[in-house]
Amino acid sequence: SQQGEEDPQALSIQEGENATMNCSYKTSINNLQWYRQNSGRGLVHLILIRSNEREKHSGRLRVTLDTSKKSSSLLITASRAADTASYFCATEGRGGSYIPTFGRGTSLIVHP
Amino acid sequence: KAGVTQTPRYLIKTRGQQVTLSCSPISGHRSVSWYQQTPGQGLQFLFEYFSETQRNKGNFPGRFSGRQFSNSRSEMNVSTLELGDSALYLCASSLGVGQFFGPGTRLTVL
């Protein structure tokens, strides 16, 4: 079963706008990661946020984590056409397993 | 450092055949995981190898197997292929936290 679930499933915006994607999960985690996947290619690791962190930035990316609500959000500011991709959240649970559990992803289309 | 590499990139097989996919992790990474990605099921974890031992296993039938060599390179084998095995197979290596993915092998079963 999928641990992380992204919302929305699809998002279509214009270049320059901000894109926000959300991720909800069910069980306690050690960390949560966001990945990007361009069509039919491998996943690229974007950012990792640990369970004791609330917010993290990386360039135009901003990730928040609310462990009380078991949710995370990924904000891409000033989006570009090159940001068009699918975005996945993945959670690593507690208990020693390093295997992340992926959601089904948000498909983002940025129109030039 | 070179990234994770997977070979072949594309493969076409027919039902009943078997296939072997290969993955070379980032140098120094001892954990290698395999995932199957399909439009219907999303990304599903197959198994993880660490120091030549299977450390974690997903919920796939025994037709799916793997192994890891002493240099951390890993292979995945699928026997008696079915149409539903058509998918993108992704390999990822890790030092412990966070995974680095290869470009994947696109398997088509006819």
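Residues numbered from 1 in each chain as written. Chains lettered and ligands numbered in written order. Predicted model: local features only at pLDDT ≥ 70, side-chain atom pairs only at ≥ 80, totals over all residues. Heavy atoms only, no water.

Chemist: Can you lay out the interface of chain B and chain A for me, pointing to particular residues and giving the numbers?
Modeler: Contacts between the two partners involve 22 residues from chain B and, on the opposite side, 20 residues from chain A. Taking both sides of the interface into account, the surface hidden between chain B and chain A amounts to around 1600 Å²; carbon and sulfur atoms contribute 54%. The interface formed by chain B and chain A contains zero salt bridges. Listing elements by their share of the side of chain B that touches chain A, those giving two or more residues are strand 4 (31–38), strand 5 (42–50), strand 6 (53–57) and strand 9 (87–94) of chain B. Broken down by element, the residue count for the side of chain B that touches chain A peaks at four residues, all from strand 5 of chain B. Grouping the constituent residues of the side of chain B that touches chain A by class yields eight nonpolar, 10 polar and four charged. (Contact = heavy atoms within 4.5 Å. Buried area = accessible area lost by both parts, 1.4 Å probe. Salt bridge = Lys/Arg side-chain N within 4 Å of Asp/Glu carboxyl O. Helix = DSSP H or I, 4+ residues; strand = E, 2+ residues; numbered from the N terminus. Nonpolar A, V, L, I, M, F, W, Y, C, P; charged D, E, K, R; others polar.)

Chemist: Give me the pairing of strand 6 of chain B: which residues, what numbers.
Modeler: Residue and element names in this part refer to chain B. Alignment of strand 5 against strand 6, held across four bridges, turns out to be antiparallel. Its bridge partner lying in strand 6, Glu 48 is registered against Asn 56. Connecting the antiparallel pair strand 5 and strand 6 is a turn made up of two residues, with Ser 51 showing a positive phi of about 50°. (Pairing = 2+ DSSP bridges.)

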